[in-house]
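Per-entry structural report
So you can see what is in the structure, the chains are spelled out below.
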Amino acid sequence: MNILVCLKQTFDTEERIAIEDGQISEEGVEFVVNPYDEYAVEEAIRLRDEHGGEVTVITIGPERAEQALRTAMAMGADKGIIVDDEDLESPDENSIAKILASVIGDLEYDIILGGYMAVDDGSAQVGPRLAELLEIPHIATITKLTIDGDRVEVEKDVEGDIEYIESKLPILVTAQQGLNEPRYPSLPGIMKAKKKPLERMDIDDLDIDEDELEGRTETLETYLPPAKEAGKILEGDLDVQAKELVKLLRSEAKVI
Amino acid sequence: MAEKTIIKGGSFLIEDHSPQDVFTPEEFTEEQKMIGKTTEDFAKNKVLPVLEEIEEHNFDHTVKLLGEAGELGLLGADVPEQYGGLGLDKISSSLITERFAIARSFALSHGAHVGIGTLPIVFFGNDEQKKKYLPSLASGEKFAAYALTEAGSGSDALGAKTVAKLSDDGKHYILNGTKQWITNSAFADVFVVYAKVDGDKFTGFIVEKDFPGVSTGAEEKKMGIKGSSTRTLILEDAQVPVENVLYEIGKGHQIAFNILNIGRYKLGVGTLGSSKRVIEVSAKYANERKQFNTPISKFPLIQEKLATMAAKTYALESAIYRTGGFFEQGLSHLDNAEGAAAAKAIAEYAVECSITKVLGSEVLDFVADQGVQIHGGYGFMQEYEVENMYRDARINRIFEGTNEINRLLIPGTLLRKAMKGELPVMEKLGGLQEELMMMMPSLSDEEPALLEKEAELIENAKKIFLMGTGLAVEKYGMKLDKQQEILHDAADIATEIFAMESALLRTKKAIEKDGEEKSKAKAELTTAYVYEAFPRIEQRAKRILAAMEEGDTLRTQLSILKKLTRYDLINEIELKRNIAKRIIEEERYVV
């Protein structure tokens, strides 16, 4: 079974976000594999161990993103492809999906996995867009995956409920928390990872019109959410409290 | 690194080391960082959730978790590949120890197993013994412990009462005696035990728990590190096959002292991880806790604490990885980096090992104490992590040789090296007095370059060390070992020099690579440490001089000291506020 995993390197979830000159500062930041993509990598390794085949991890990003692939390879993925995004101007989900489609178009695959969203920009769009471009079915936010022949059974998280869905290979699925518990890269795995094959590509290497890759969205402003302030607990009779609440919603919160 | 001559242990006191001579945490490879992350994730996500149960002596967790650590390769870093380990470099193995430290008492079980438990076999076992024991110790199927201490012999290890006698058929040694405070004893399968053959030949043995006559006593009730198993090991006519003699009959002291060197260094590494953790929980708490409607992290007195904790931790971290770099360098020159030769390469840095032990345990004690203070009354409550860390910290000044013993060892070992001609201390001493008499303090109106003053202070500190020890050797000769107070003070000066210089060289190396702007935090931490440590050096030096000399001679010596300790003061208050800002913002130790 040929298994592809699309992953993204993101800020460590414990990092504090700082904005400098209207941009998120990367100064001194630790990067990790996007946690949802980690579920995808783990699931891919399990599928390979069960059905045989190979796991290829793919990412788009700057040079440092190689480390995310190495981490996936230390977990057990067999090889990696990194596309340098240096030449891209303000890429968005449209651009990323098209690049991935172009890279994957030349590969043989039975299943593509990814996290259902990245914890940084949280759009949850790349997976479904990629499936559309490749003209294969997709199921998002899965919490269980079983493959038998070319039959695919999944459990999908729908806001706390579970949907049971059947489909067929080839397919793209995206991982929700709960799909599995990702393993830690073992020390022997880490030592092996640096010797595993890694293919580097530039946008120029792809058979794709650069105009198509331009972002279709524009970021107007980046700012931090306002600091959370202490709450207020109203006192007195319910009538008094209700009146006070309405007054505050009107005058202070200005929402009604 | 391989082309350079090996830096000699203890040479930092008489020579100037350059930034290129030190290994720094900024040079971790991606693999080393990943190894560190795997360790930290394992400790945080697997161990911490059950640590409370482990502290109640539920050692099933310990055994299970150590097994899982073995599957991840976290037990095999120091075991050669041919015996089922990973044979990793010493920096990687240090990182594992450092990152495990947040798991507190569990980290001790891990450390005792991979360190003093397994290493005697790695370094001193024969091929048969290594094949028999190491693969299962590296994989986590079996666990090791180390049994040296007895009720009547702690630091005086060779005073052990446990005896070994060859059986009549010549097939076994029969061991009798009781070993005390044996870490991991509840679940260890293999004990490295020292006993005197025929009552006088101090010898190491590999003792399996299932050998006839081997048992353990009750769990000790301890002040801290409650989650580590500590019992007596009881040997009653214990039958140990002759092939389980470790190394050679009568040469147990070589094993014991070499393992102690590594044990001391690893202890220092552990205190580094713990210190960082205290800073993290204390900074988080200081941001959350409000008094007078203000987070207490806004108060300068809390900031001062966090800044001093960070500066000490920075010096310790720099000293630890500098020493780790020495090991790596020493071992890379060996064709086969194992066995007694490897132990000898490490013993070259016995002074640095004792320094990292003393420095680390005292930095951690300070940091943990301040951590409790930042937490106020909550720091006294057991549900707060810092309370636990405070109690756990205390043992570090005691085991692996008390800090008193290690302090005596620091100048003692240096002088022995000097006598053997391994270090040109005597050559340096000749002419020093004269040089010092002639010396004029360099006072310049020009604004000094970044860290220039700090470098000068360190250079002067080295002169102070040589001056003091030189006079002591002159005065007491071979009887210097009776002057424990002077040796203690000399050890403190040497330790501070190593700490200050490690921080300075690390920062300089970072500046060479990243520039001054990006190395600002490191430079501030270095300055803060140097200006705090230097007065301690001056005070120790005065005490030494006043004990040895009197009258005019004393006045002359003190006037020389005065020249060496004259410097412009800096605004430490402002400096520490700046340092604290970063720690409070990031809620952890950052450089």
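Since the model is a prediction, treat every value here as computed from it, not as a measurement.

Reading guide: rules and limits
Residues numbered from 1 in each chain as written. Chains lettered and ligands numbered in written order. Predicted model: local features only at pLDDT ≥ 70, side-chain atom pairs only at ≥ 80, totals over all residues. Heavy atoms only, no water. Helix = DSSP H or I, 4+ residues; strand = E, 2+ residues; numbered from the N terminus. Rg over C-alpha atoms; globule rule 2.2 N^0.38 Å. Buried < 20%, exposed > 50% of the residue type's maximum accessible area, 1.4 Å probe, protein only. Contact = heavy atoms within 4.5 Å. Areas by Shrake-Rupley, 256 points an atom, 1.4 Å probe, with all protein chains shown as cover. Lys, Arg positive; Asp, Glu negative; His and termini not counted. Charge placed at Lys NZ, Arg CZ, Asp CG, Glu CD. Axes fitted to C-alpha atoms, helices over the stretch in contact; angles between N-to-C directions. Parallel < 35°, antiparallel > 145°, perpendicular 65-115°, else oblique. Nonpolar A, V, L, I, M, F, W, Y, C, P; charged D, E, K, R; others polar. Domains from an automatic or database assignment. Buried area = accessible area lost by both parts, 1.4 Å probe. UniProt positions renumbered as here; feature names shortened; annotations may be inferred. pLDDT = per-residue confidence, 0-100. Phe/Tyr/Trp six-rings, centres within 6.5 Å; stacked < 30°, edge-to-face > 60°. Expected span 1.5 Å × (residues − 1). Arc of directions from axis to C-beta. Salt bridge = Lys/Arg side-chain N within 4 Å of Asp/Glu carboxyl O. Pairing = 2+ DSSP bridges. Polar contact = N/O pair within 3.5 Å; in protein donor to acceptor, adjacent residues only side chain to side chain.

What to know about the overall build of chain B
- Per the secondary structure count, chain B includes 20 helices and 10 strands.
- For chain B, whose C-alpha radius of gyration is 24 Å, the value lies close to the compact-globule estimate of 25 Å for 591 residues.
- Counting all 591 residues of chain B, 60% fall into the buried class.
- In chain B, the proportion of contacts linking residues at least 24 apart, taken out of those at least 6 apart, comes to 79%.
- Accessible surface, chain B as shown: approximately 24600 Å² in total, 51% of it carbon and sulfur.
- In chain B, which carries 73 positive and 91 negative side-chain charges, the distance between the mean positions of the two groups comes to 2 Å.

Details of the overall build of chain A
- Scanning chain A for helices and strands turns up 6 helices and 13 strands.
- Along the three orthogonal principal directions, the C-alpha set of chain A runs to about 70 × 45 × 40 Å.
- Residue burial in chain A is summarised as follows: out of 256 residues, 43% are buried.
- Once local pairs closer than 6 in sequence are excluded, the contacts in chain A between residues at least 24 apart make up 70%.
- Side-chain charges of chain A comprise 26 positive and 60 negative groups, with the mean position of each set lying 6 Å from the other.

Here we look at the packing of helix H9 (residues 300-332) of chain B against helix H18 (residues 520-548) of chain B
Residue and element names in this part refer to chain B.
- It is at 9 Å that the axes of H9 and H18 come closest, and there the two elements cross at 90°. The angle between the axes of H9 and H18 places the two elements in the roughly perpendicular class. Note on element contacts: H18 touches H9 through Lys522, Leu525, Thr526, Ala528, Tyr529, Glu532 and Arg536, opposite Thr308, Ala310, Ala311, Lys312, Tyr314 and Ala315.
- Of the residues assigned to the contact of H9 with H18, the class counts are 7 nonpolar, 2 polar and 4 charged.

A word on the domain arrangement of chain B
Residue and element names in this part refer to chain B.
- The domains assigned to chain B are domain 1 (25-142), domain 2 (145-249), domain 3 (252-404) and domain 4 (408-440 + 450-586).
- Measuring from the centre of the C-alpha atoms in domain 1 to the corresponding centre in domain 3 gives 18 Å.
- When domain 1 packs against domain 3, close to 2600 Å² is buried across both sides, 65% of that on carbon and sulfur atoms.
- Contact with domain 3 buries area across many residues of domain 1, yet Glu98, Phe123 and Phe124 alone supply 26% of it, more than any other trio.

As for the UniProt feature "domain: Acyl-CoA dehydrogenase-like C-terminal" (unreviewed entry) in chain B
- Look at the UniProt record and you will see "domain: Acyl-CoA dehydrogenase-like C-terminal" (unreviewed entry) annotated at residues 460-563 of chain B.
- The span residues 460-563 of chain B is 90% helix and 0% strand, and its two end C-alpha atoms sit 9 Å from each other.

Digging into the confidence of the model for chain B
- Of all residues in chain B, 98% have pLDDT values of 70 or greater, and the mean over the chain is 94.
- At the level of chain-chain contacts, confidence expressed as ipTM amounts to 0.89, with global pTM at 0.93.

Considerations on the UniProt feature "domain: Electron transfer flavoprotein alpha/beta-subunit N-terminal" (unreviewed entry) in chain A
- Here the UniProt-annotated "domain: Electron transfer flavoprotein alpha/beta-subunit N-terminal" (unreviewed entry) positions come out as residues 21-210 of chain A.
- In the segment residues 21-210 of chain A, helix accounts for 29% and strand for 32%; the C-alpha atoms at its two ends are 28 Å apart.

Digging into the packing of aromatic side chains
All names here are of chain B.
- In the structure shown here, the tally under the stated rule is 23 aromatic pairs over all chains.
- Ring centres of phenylalanine 28 and tyrosine 321 lie 5.1 Å apart, and the angle between their planes is 80°; on these two criteria the pair is classed as edge-to-face. Placement of phenylalanine 28 in the segment before helix H1 (30-47) and of tyrosine 321 in helix H9 is noted, with a sequence separation of 293 residues between them.
- With a relative accessible area of 13%, phenylalanine 28 lands in the buried category.

A closer look at helix H12 (residues 385-393) of chain B
Residue and element names in this part refer to chain B.
- Within H12, 7 of the 9 residues are buried, which leaves it mostly tucked inside the rest of the structure.
- For H12, the complete set of buried residues consists of Val386, Glu387, Asn388, Met389, Arg391, Asp392 and Ala393.
- Looking at the buried side of H12, the elements it contacts are helix H2 (51-55), helix H5 (104-117), helix H8 (252-288) and helix H11 (350-375).

Considering helix H20 (residues 572-586) of chain B
Residues and elements named next belong to chain B.
- Over its 15 residues, H20 runs 22 Å from end to end, which matches the ideal 21 Å to within 8%, given 1.5 Å per residue.
- Within H20, the full set of buried residues consists of Leu575, Lys576, Ile579, Ala580, Ile583 and Ile584. The arc that holds the buried residues of H20, viewed along the axis, is 165°, so those residues lie on one side. Opposite the buried face of H20, by more than 90 degrees, sit the exposed residues Lys581 and Glu585.

Structural notes on the pattern of salt bridges
Residue and element names in this part refer to chain B.
- Applying the stated criterion across every chain, the model contains 71 salt bridges over all chains.
- Notably, a salt bridge pairs aspartate 41 with lysine 37, separated by 3.0 Å at the nearest N-O pair. Pair noted here: aspartate 41 and lysine 37 are both in helix H1, with a separation of 4 residues, about one helical turn.
- Take lysine 37: its relative accessible area is 39%, and that puts it in the partly exposed class.
- For the salt bridge of glutamate 496 with arginine 536, the shortest nitrogen-to-oxygen distance reads 2.7 Å.

As for the sheet that holds strand E13 (residues 198-201) of chain A
Residue and element names in this part refer to chain A.
- One open sheet accounts for 9 strands, arranged E11-E10-E9-E12-E8-E1-E6-E7-E13; its pairing is mixed. Looking at which strands have only one partner, the edges of the open sheet turn out to be strand E11 (161-168) and E13. Adjacent strand axes in the sheet meet at a mean angle of 30°, parallel and antiparallel pairs treated alike.
- Taken together, the 3 bridges between strand E9 (residues 138-148) and strand E12 (residues 171-175) define a ladder with parallel strand orientation. Looking at the pairing, isoleucine 139 lines up with valine 173 of E12.
- Seen against the sheet, helix H2 (residues 66-75) touches strand E6 (54-61), strand E7 (79-84) and E13 and runs at an angle of roughly 170° to E7.
- Against the sheet, helix H3 (residues 93-105) contacts strand E1 (2-6), E6, E7, strand E8 (111-115) and E13, and its axis sits at roughly 145° relative to E6.

What to know about the domain arrangement of chain A
- On domain assignment, one finds that chain A holds domain 1 (2-212) and domain 2 (226-255).
- Put simply, the middle of domain 1 of chain A and the middle of domain 2 of chain A, counted by C-alpha atoms, are 45 Å apart.

So, the packing of helix H13 (residues 403-419) of chain B against helix H17 (residues 484-518) of chain B
Residue and element names in this part refer to chain B.
- Here H13 crosses H17 at 80°, and the two axes come no closer than 8 Å. One element, H13, and the other, H17, form an angle in the roughly perpendicular class. Two secondary-structure elements touch here, H13 through Arg407, Leu408, Ile410 and Pro411 and H17 through Gln484, Leu487, His488, Ala490, Ala491, Asp492, Ala494 and Thr495.
- Partitioned by chemical class, the residues of the contact of H13 with H17 number 7 nonpolar, 3 polar and 2 charged.

Quick notes on the interface of chain B and chain A
- If you look at the interface, chain B gives 23 residues, while chain A gives 18 residues.
- For the chain B and chain A pair, buried surface summed over both sides reaches about 1700 Å², with 63% attributable to carbon and sulfur atoms.
- Run the count over chain B and chain A and you get 3 salt bridges.
- The salt bridge partner of B:Lys46 is A:Glu181, with a shortest N-O separation of 3.6 Å.
- Summed over the shared surface of chain B and chain A, the number is 6 residue pairs in polar contact (both at pLDDT 80 or more).
- Every element with two or more residues in the side of chain B that touches chain A is listed here: H1, helix H3 (59-72) and H20 of chain B.
- A total of 11 residues in the side of chain B that touches chain A trace back to one element, the largest contributor, which is H1(B).
- Among the residues making up the side of chain B that touches chain A, the classes are represented as 8 nonpolar, 3 polar and 12 charged.

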